[in-house]
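# Report on the structure
One letter stands for each residue in the lines below.
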Amino acid sequence: MQATAQAQPNIALIKYWGKRDLERNIPAVDSLSITLDSLWTRTQVEFQQDLKDDQVSIDGKQDHHQAERVKNCLNFLRRKAGVNYGALVRSENNFPTGAGLASSASGFAALVTAASKALQLDLSDSEISDVARRASGSAARSIFGGFVEMPCAPGDAIAKPLLDAKAWPFTVLIAVTSTAVKHTGSTVGMQLTARTSDYYRAWIETAHEDFVTARKAVLTRDFEALAEISERSCLKMHGVMMTAQPGLIYWNGGTIEGINRVRELRQRGVPVFFTIDAGPQLKAVCMPEHEQTVRAALTDTPGVLKVLSSALGDGARILSNPSQETTH
Ligand code: DP6
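Keep in mind that what you see is a predicted model, and the values were worked out from it rather than measured. (Residues numbered from 1 in each chain as written. Predicted model: local features only at pLDDT ≥ 70, side-chain atom pairs only at ≥ 80, totals over all residues. Heavy atoms only, no water.)

### Focus: the site of the ligand
Taken together, 18 residues surround the ligand, and among them Tyr16, Lys19, Arg69, Ser138 and Thr187 come closest. For the ligand, an oxygen atom lies 2.6 Å from a polar atom in the side chain of Ser138. Within the side chain of Ser186, an N or O atom sits 3.2 Å from an oxygen atom of the ligand. Relative to its unbound accessible surface of 460 Å², the ligand loses 94% to contact with the protein. Sort the elements by how many residues they give to the shell around the ligand and helix H4 (residues 186-196) lands first, with three residues. For the shell around the ligand, a count of residues per class yields six nonpolar, seven polar and five charged. A domain-level breakdown of the shell around the ligand finds at least three residues from each of domain 1 (2-164) and domain 2 (167-311). (Near = heavy atom within 4 Å. Polar contact = N/O pair within 3.5 Å; in protein donor to acceptor, adjacent residues only side chain to side chain. Areas by Shrake-Rupley, 256 points an atom, 1.4 Å probe, with all protein chains shown as cover. Helix = DSSP H or I, 4+ residues; strand = E, 2+ residues; numbered from the N terminus. Nonpolar A, V, L, I, M, F, W, Y, C, P; charged D, E, K, R; others polar. Domains from an automatic or database assignment.)

Printed below as a string of structure tokens:
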């Protein structure tokens, strides 16, 4: 009863921030994302009859931080499968964990994919995505590759593929400006924002229109329109975070320098835009032919420690031969 899965982080262009239903973890807003290729989480799940409690290790270290969420997620699958065995969960990331690089998205996408296979549940991608969403909203999107949408209907939010990765190839450059674990996790940050920000209602009311605009830009391959709406969604999300009480500021100096650098490039005619999640890293999205220009500009930006790059990639998958997988 064991399986190993790989999933990649996704970067939201239209952001999810806020929950409609805390119990089932249903987002309050629609979101749209791109799944990456060269950053990954690989997770092995092994259910053992004589194991009472789940044991979770991340990058070789025993983890207590995510243990509760992992357990809840596995309980949901155990109930479906009618077993009560504990599981050994070994997870590995090839990028820094918990620093705003979407490790919870790839982490829970890989966990649910591996665990449902190990339990022989035979779930569809959509069902796997639904289980992943209950653990972490953004994880629902990492089940699919390329451009992914997650519209939220009144009682549900179902992620689905919007456009194949190969249909509109992008390069994402990640300017790492800190490797420290973020000060406030998304769930806590969202609740604080909903409770205390005067701007929260405006954020919720305008999110659907932004989603519709972005969706159309993707389907018509309109880079300029996607750039504008993505930056707007990002800045609106950070605006609503910053106006919580106490204000949630995820940026550092390098983040702001990076924003200015991307804007300068765009003014010079380079098709590139930025987005930033609940952390200080800046992600610059461009067409592959401009990768070198954008990389050079970001590498040269004060406060940027290193620049990672990735193409768009596929959704979560089972690794049938984990030891023979190559590392990007
Ligand atoms: C800023 O998916 O981490 O990355 O559902 O509480 O686990 P939970 O939140 P999470 O939030 C992601 C927030 C974001 C924007 C996004 O990915 O859409």
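### What about the domain arrangement of the protein?
When cut into domains, the protein gives domain 1 (2-164) and domain 2 (167-311). Centre-to-centre separation of domain 1 and domain 2, based on C-alpha positions: 23 Å. The interface of domain 1 with domain 2 comprises 35 residues on the first partner and 51 residues on the second. Here domain 1 packs against domain 2, burying approximately 3400 Å² in sum over the two surfaces, 71% of which is carbon and sulfur. Remark: the boundary between domain 1 and domain 2 carries two salt bridges. (Contact = heavy atoms within 4.5 Å. Buried area = accessible area lost by both parts, 1.4 Å probe. Salt bridge = Lys/Arg side-chain N within 4 Å of Asp/Glu carboxyl O.)

### Some points on the pairing of strand E16 (residues 282-286)
Summarising burial for E16: five of the five residues are buried, a large majority. Side chains of E16 alternate between two faces, with Leu282, Ala284 and Cys286 and Lys283 and Val285 buried alike. When strand E14 (residues 171-176) meets E16, the two strands line up antiparallel, connected through five bridges. Paired with Thr171 across the strands is Cys286, a residue of E16. Across four bridges, strand E15 (residues 272-275) lies against E16 in antiparallel orientation. (Buried < 20%, exposed > 50% of the residue type's maximum accessible area, 1.4 Å probe, protein only. Pairing = 2+ DSSP bridges.)

### Structural notes on unusual backbone geometry
Geometrically, the link from Gln245 to Pro246 is a cis peptide bond, its omega value of 0° lying close to zero. Tracing the chain through its elements places Pro246 in the loop between helix H6 (223-242) and helix H7 (253-267). Within the chain, Arg221 stands out as a residue other than glycine whose phi angle is a positive 55°. Following the sequence through the fold, Arg221 ends up in the loop between helix H5 (200-219) and H6. For Arg221, a relative accessible area of 38% puts it in the partly exposed group.

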